[in-house]
Amino acid sequence: MPIVVNLDVMLARRKMSLTELSGKVGITMSNLSILKKGKAKAIRFSTLQAICEVLDCQPADILEYRTEE
Amino acid sequence: MEATKKIYGETFIELLLVIFRLSFFITAVGIIFWAIYSMVLFLTDGPTVHQAFPVFFRGQGEGILNVPNDIGAAKFRMYHALGYIVSDSVPKGFLALFSVIHVSGYIFWLLCFGLTIRILDAARLGRFFIVENAIRLRYIGLWGIAYFVLNKLMVVVSASYFSDKLAFSKVNFLSFDFFGWIGLNSLFGFLFLLVISEAFRIGAQLKEESDLTI
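Conventions used here
Residues numbered from 1 in each chain as written. Chains lettered and ligands numbered in written order. Predicted model: local features only at pLDDT ≥ 70, side-chain atom pairs only at ≥ 80, totals over all residues. Heavy atoms only, no water. Buried < 20%, exposed > 50% of the residue type's maximum accessible area, 1.4 Å probe, protein only. Helix = DSSP H or I, 4+ residues; strand = E, 2+ residues; numbered from the N terminus. Pairing = 2+ DSSP bridges. Core = buried A, V, L, I, M, F, W, Y, C linked by side-chain atoms within 4.5 Å. Contact = heavy atoms within 4.5 Å. Phe/Tyr/Trp six-rings, centres within 6.5 Å; stacked < 30°, edge-to-face > 60°. Salt bridge = Lys/Arg side-chain N within 4 Å of Asp/Glu carboxyl O. Polar contact = N/O pair within 3.5 Å; in protein donor to acceptor, adjacent residues only side chain to side chain. Nonpolar A, V, L, I, M, F, W, Y, C, P; charged D, E, K, R; others polar.

Caption draft 1: Just the pairing of strand β1 (residues 52-59) of chain B, in detail. Residue and element names in this part refer to chain B. The buried fraction of β1 is high, at 6 of 8 residues. Both β1 and strand β4 (residues 81-86) contribute to a ladder of 6 bridges, which runs antiparallel. Considered in β4, the bridge of F56 is made with L82. Alignment of β1 against strand β5 (residues 171-174), held across 4 bridges, turns out to be antiparallel. Across the sheet, the residue bridging to F57 is F173, located in β5.

Caption draft 2: Spatial organisation of the nonpolar core. In this structure, F53, V55, F57, V90, F94, F98 and F162 of chain B are the most contacted members of the largest nonpolar core, which totals 23 residues. Elements supplying a minimum of two residues to this core: α1 (10-44), β1, β4, α2 (92-124), α3 (131-162) and β5 of chain B. Considering every element that reaches this core, the biggest residue donor is α2 of chain B, with 6 residues. The residues contacting F98 of chain B, other than those within four sequence positions of it, are W34, Q51, A52, F53, P54, M154 and S158 of chain B. Judged by nonpolar contacts, the second largest core, of 19 residues, contains L11, M16 and C57 of chain A together with I214 of chain B.

Caption draft 3: Spatial organisation of the packing of aromatic side chains. Residues and elements named next belong to chain B. Enumeration according to the criterion identifies 21 aromatic pairs over all chains in this entry. Here F56 and F176 contribute two aromatic rings whose centre-to-centre distance is 6.1 Å and whose plane-to-plane angle is 85 degrees, an arrangement assigned as edge-to-face. Of this pair, F56 sits in strand β1 while F176 sits in the loop between β5 and α4 (178-181), placing them 120 residues apart in sequence. Using a relative accessible area of 1% as the deciding quantity, one classes F56 as buried. On the basis of relative accessible area, F176 is assigned to the partly exposed category, the value being 39%. Look at F94 and Y161: their rings are 4.3 Å apart centre to centre, the planes differ by 10 degrees, and that puts the pair in the stacked class.

Caption draft 4: Examining the interface of chain B and chain A more closely. Chain B puts 5 residues into the contact, and the matching count from chain A is 11 residues. Our count for the contact surface shared by chain B and chain A stands at 1 salt bridge. In this structure, the connection of chain B to chain A is made through 5 residue pairs in polar contact (both at pLDDT 80 or more). Here the residues of the side of chain B that touches chain A sort into 2 nonpolar, 1 polar and 2 charged.

Don't take any of this as a statement about function, it's just geometry.
See the structure below:
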């Protein structure tokens, strides 16, 4: 999929673990893992908002569009 | 500790699985037996007394219908009748054609049983509402229609072949009888299955998307 999820990059920048993010955002570890691996089909605005609040970032920092080659 | 997923109606699914696996086995054995038997008949010119061939017929004249506690007897006529004949011997060419159509029809039926078993297997594991099952359901509908068409074709081929070769007192054999032949109940059942499978597929796709929406 041309949409790439850079959640792991943001987590590394903020020095935060996935477990910590899961607790702060209120999303299960399995769902965050699906999102991190780029297997999610869609993301709710409310989820994106919660992640951006916790990681203090913009949606564009998490989601990136890359052209398929 | 690994959480176990509760599947409702598991016993019923198990029971259905046993029934369908048994049906699959019996049908498979029947097809193999029929194919071997047909080949033996074909090669040895043996008697075909165990093979029933469908024919259309019409009774000549009128019969009497005795109605108890009624004033008098009523008359009846026999139209649009579909029956089966057994013969000591039939020509090889016809036997080969009839057997191929018959066996092909039952192979499609066997495929339907196989796909049903796979759907039930998935349901037993708690994965019933998935796109794969919808596609299996679609194929059950398609193979069911193929079985229906071959079954109807078999009747037409047999009846038209025998119509001018059979002689029986007070019975006229017909090459084709529309009202005796037509019977679209199962066809509509299979067409309805195709519609259901499409709705199932769209629903399963929506569920998959919903499951993967974070």
